[in-house]
Amino acid sequence: MHAIRAAVAALLLAGAAHAQTVPAGDFHQHVFSAADIALTGPASGLVTLDAGQLIALLDAAGIRKAVLLSVAYMYGSPARTVDDEYAQVRLENDWTAAQAARYPGRLIAFCSFNPLKDYALAELERCANKPGLDHGIKLHIGNSDVQLDDPAHVARLRQVFAAANAHGMAIVIHLRANIGKRRPYGAAQARIFLDQVMPAAPDVPVQVAHFAGSGPGYDDPAAQAAMGVLAAAVENHDPHAYNLWFDVASIVDSDIDPATAALLVKYIRQVGVGHVLYGTDSAQGANLRPRESWAAFRKLPLSPAEFAHIAANVPPYFPDP
C-alpha cells in the first residue's frame, strides 16, 4: 500500500512540475520599429512592437530571456526598392540593439542583412565591432531569395558564414527557400547546406529556425524533407552537423494534427533535446504569443523530462548573467 501511495505521489509531483515548467528563454523573437511598419505598409498587418511591449508578453509567460532577431534583412529584399538601402539596414540593426539594451541581462540582439547584397560583409564587420550587435547574425533565405541550387549564392553564403565564424558570431538562419516564388527546397537543398555551407563556420552555433520550415504550423512537406536530412545528419554524427541547433518557433499551433506532431517528436529526438531551443517568432497578427505558444508546444507527445530539458536550454551565444 505504501508503495502504491508513493508511486501516486511521485506521479502527482511530476505532473505538477511539468505544469510549472516554463522556458528559460525565447530564442526567436522580433521587434518592429515605426520604419518597419512604413516599409511593409498597412496590408502586412504589422504594428509597432518595442522591447517594453515584448517584455510584458514574456513576463506573462514567465520567460526571462529572449533574442531579438533584427528584421533589417527586409530592407534588402529583392521584392522591394528602398532609398538609401544600406543606411536603412544600419538604422534597423542599431534600433534593434538599442531595444535589447533597455533590458540588459534579459535581451540580446542579432544583426541582420541580405547576404547577397554587396554591403553584406561590411555590415557583418560593423556589427561585429559594435557592442550590442556582436552576438550573432540572422539570415533569412526566403526573404532574401537565396537559392541553394545557385553556386554563386552558395559561395556567398560560405563567405558570410566564414566571416561570422572569424568573429565568433553565432548564426540564426531561416533556411526555408522563398515560398511565393516556389524556389526549390527539400532534401537536396538541405544536403547542399550541410556539405557546402556549414563547413565554413566550424566553431560557432548555427541555429536553424522553425525546424527548417517557416511557420506558422509545420504542414510543409518540403520543410519536413529538409529537416529529415538535418536530423539524420545529427543522429549519425555527421561532423558538419556538430554545431547545429534548432528552434521550434511557430511550428506548433493549437490544432496541430497527430501525424505532424509525431513527426516533430521524431525529429526532436533525432537531434536530441539538448539542441532544441524554444522560440515564439514575432508577436504579430495571428501568431501565438509566448505564453500561448509554449502551451501549444506542450501538447506534443513528449515526456515531462523532455519538456523540462528543452525548457532549460540556453544556447552558448547567450551571455551569462
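The structure this text deals with has already been given above.
Residues numbered from 1 in each chain as written. Predicted model: local features only at pLDDT ≥ 70, side-chain atom pairs only at ≥ 80, totals over all residues. Heavy atoms only, no water.

Enquirer: Outline the state of the cysteines, supporting the account with residue identities and numerical values.
Expert: Applying the stated criterion to the full structure yields one disulfide. Here Cys111 pairs with Cys127 through a disulfide, and the sulfurs are 2.1 Å apart. Measuring handedness by torsion sign, the sulfur bridge of Cys111 and Cys127 sits at about 55° and is right-handed. Separated by 16 residues along the polypeptide, Cys111 in strand 3 (residues 107-112) and Cys127 in helix 5 (residues 120-128) bring together distant segments of the chain. The same class applies to Cys111 as to Cys127, namely buried. (Disulfide = S-S within 2.5 Å. Helix = DSSP H or I, 4+ residues; strand = E, 2+ residues; numbered from the N terminus. Buried < 20%, exposed > 50% of the residue type's maximum accessible area, 1.4 Å probe, protein only.)

Enquirer: Quick one: what's the story with the packing of helix 7 (residues 151-166) against helix 8 (residues 187-197), residue by residue and with numbers?
Expert: Interhelical geometry of helix 7 versus helix 8 gives an angle of 50° and a closest axis separation of 10 Å. In terms of orientation, helix 7 and helix 8 fall into the oblique class. In the packing of helix 7 onto helix 8, the handedness of the crossing is right-handed. Side by side, helix 7 and helix 8 meet where Val154, Leu157, Arg158 and Phe161 of the first sit next to Ile192, Phe193, Gln196 and Val197 of the second. Considering only residue class, the contact of helix 7 with helix 8 consists of six nonpolar, one polar and one charged. (Axes fitted to C-alpha atoms, helices over the stretch in contact; angles between N-to-C directions. Parallel < 35°, antiparallel > 145°, perpendicular 65-115°, else oblique. Left-handed = near helix turned anticlockwise from the far one by under 90°. Contact = heavy atoms within 4.5 Å. Nonpolar A, V, L, I, M, F, W, Y, C, P; charged D, E, K, R; others polar.)

Enquirer: Please give an account of the sheet that holds strand 5 (residues 170-174) that cites residues and values.
Expert: Sheet architecture is open: eight strands sit in the order 1-2-3-4-5-6-7-8, paired in parallel fashion. The open sheet is flanked by strand 1 (25-29) and strand 8 (276-277), the only strands paired with a single partner. Pairing analysis gives two bridges linking strand 3 to strand 4 (residues 136-140), with the strands arranged parallel. Paired with Cys111 across the bridge in strand 4 is Ile137. (Pairing = 2+ DSSP bridges.)

Enquirer: Please set out the packing of aromatic side chains residue by residue, giving values where relevant.
Expert: The description of an aromatic ring pair rests on the distance of the ring centres and on the angle between the ring planes. Following the criterion strictly, the structure yields nine aromatic pairs and no others. Judged by centre distance (4.6 Å) and plane angle (10°), the ring pair of Tyr86 and Tyr119 falls under stacked. You can see Tyr86 sitting in helix 4 (residues 85-101) and its partner Tyr119 sitting in the loop between strand 3 and helix 5, a full 33 residues away along the chain. Judged by relative accessible area, Tyr119 falls into the buried class, the value being 8%. With centroids separated by 5.8 Å and ring planes inclined at 65°, the aromatic side chains of Phe211 and Phe246 adopt a geometry described as edge-to-face. In this pair, Phe211 sits in the loop between strand 6 (206-208) and helix 9 (221-235) while Phe246 sits in strand 7 (residues 244-247), placing the two residues 35 residues apart along the sequence. Owing to a relative accessible area of 0%, Phe246 belongs among the buried residues under this scheme. Site record: aromatic cluster; members linked through ring pairs are Tyr278, Trp294, Phe297 and Phe307. For Arg90, the ring lying beneath its charged end belongs to Tyr86, and the centroid distance is 4.5 Å. (Phe/Tyr/Trp six-rings, centres within 6.5 Å; stacked < 30°, edge-to-face > 60°. Lys NZ or Arg CZ within 6 Å of the ring centre and 35° of its normal.)

Enquirer: I'd like to hear about the packing of helix 8 against helix 9, residue by residue, with values.
Expert: Think of two packed helices as two axes; the pair is described by the angle between the axes and how far apart they sit. In the contact formed by helix 8 and helix 9, the axes pass within 7 Å of each other and the chain directions differ by 40°. The pairing of helix 8 with helix 9 is recorded here as oblique in orientation. Note on packing geometry: the crossing formed by helix 8 with helix 9 is right-handed. Contacts between helix 8 and helix 9 involve Ala187, Ala190, Arg191, Phe193 and Leu194 from the first element and Ala225, Ala226, Val229, Leu230 and Ala233 from the second. Along the lines of polarity and charge, the residues of the contact of helix 8 with helix 9 split into nine nonpolar, no polar and one charged.

Enquirer: How would you sum up the environment of Leu230? Please name residues and give values.
Expert: Mapped onto the fold, Leu230 is located in helix 9. Residues Leu230 and Phe211 lie 19 residues apart in sequence; the distance between their C-alpha atoms is 9.3 Å. What Leu230 contacts, discounting residues up to four positions off in sequence, is Leu175, Ala190, Phe193, Leu194, Val208, Ala212 and Phe246.

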